[in-house]
Amino acid sequence: MTWFYYSEFTAFFEASTAALSKKALKDCGVYTIAWARFGYAVPFLVCALMFIEIPPLDTTFFIMVAVLIPLEALGTVLYIRAIKYS
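Residues numbered from 1 in each chain as written. Predicted model: local features only at pLDDT ≥ 70, side-chain atom pairs only at ≥ 80, totals over all residues. Heavy atoms only, no water.

Enquirer: Explanation requested: the overall build of the chain in the structure shown.
Expert: Scanning the chain for helices and strands turns up 4 helices and 0 strands. Taking 2.2 N^0.38 as the reference for a compact globule, 86 residues should give roughly 12 Å; the C-alpha atoms of the chain span a radius of gyration of 16 Å, well beyond that estimate. Expressed along its principal axes, the backbone C-alpha trace of the chain runs to roughly 45 × 35 × 20 Å. Buried residues in the chain amount to 12% of all 86 residues. For the chain, restricting intrachain contacts to residue pairs at least 6 apart in sequence, the fraction spanning at least 24 positions comes to 80%. For the chain, the exposed surface amounts to about 7,400 Å²; the carbon and sulfur share of it is 75%. Treating the 6 positive side-chain charges of the chain as one cloud and the 6 negative ones as another, the clouds have centres 20 Å apart. (Helix = DSSP H or I, 4+ residues; strand = E, 2+ residues; numbered from the N terminus. Rg over C-alpha atoms; globule rule 2.2 N^0.38 Å. Buried < 20%, exposed > 50% of the residue type's maximum accessible area, 1.4 Å probe, protein only. Contact = heavy atoms within 4.5 Å. Areas by Shrake-Rupley, 256 points an atom, 1.4 Å probe, with all protein chains shown as cover. Lys, Arg positive; Asp, Glu negative; His and termini not counted. Charge placed at Lys NZ, Arg CZ, Asp CG, Glu CD.)

Below is the structure:
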């Protein structure tokens, strides 16, 4: 039953992120907001690395990361632009 609470929290925080992004677009640019969405998560992710065992990584992992990071960046910028114009 805890999955229900997790899904509710996720929906709330995702909607809050979109609303706050739209509000911040009045003062900042699209690229600034796009970078801020990921930039504020970095300290939490670095802290989580201390508790996670990193498995051995092969070349397939690095190829997929090289392909997916530009796609994720493009998707985020387009998402923020859509929020701006909506």
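Picking up where we left off.
Enquirer: What exactly am I supposed to notice about the packing of aromatic side chains here?
Expert: Ring pairs (aromatic) are described by centroid distance and by the angle formed between their planes. Using the criterion set out here, one finds 5 aromatic pairs in the structure. Ring centres 5.8 Å apart and planes at 75° place the aromatic pair Phe4 and Tyr5 in the edge-to-face group. Through pairs of rings, three or more aromatic residues link up here, namely Trp3, Phe4 and Tyr5. (Phe/Tyr/Trp six-rings, centres within 6.5 Å; stacked < 30°, edge-to-face > 60°.)

Enquirer: Whenever I open this one, a nonpolar patch on the surface confuses me. Can you help?
Expert: On the surface, Met1, Trp3, Phe4, Tyr5, Tyr6, Phe9, Phe12 and Phe13 cluster together into a nonpolar patch covering about 1,000 Å² of accessible area. Residue placement: Phe12 occurs in helix 1 (residues 2–24). Exposure remark for Phe12: the relative accessible area of 51% places this residue in the exposed category. (Patch = residues over 30% accessible without salt bridge, like charges linked within 9 Å, V, L, I, M, F, W, Y side chains within 5 Å. Salt bridge = Lys/Arg side-chain N within 4 Å of Asp/Glu carboxyl O.)

Enquirer: I'm lost on the nonpolar core in this one. Help?
Expert: Among the nonpolar cores identified, the biggest contains 8 residues, and these are Ala18, Leu25, Val30, Ile33, Ala34, Val77, Ile80 and Ile83. Non-local contacts of Leu25, meaning those with residues more than four positions away in its chain, are made with Val30, Ile33, Ile80, Ile83 and Lys84. (Core = buried A, V, L, I, M, F, W, Y, C linked by side-chain atoms within 4.5 Å.)

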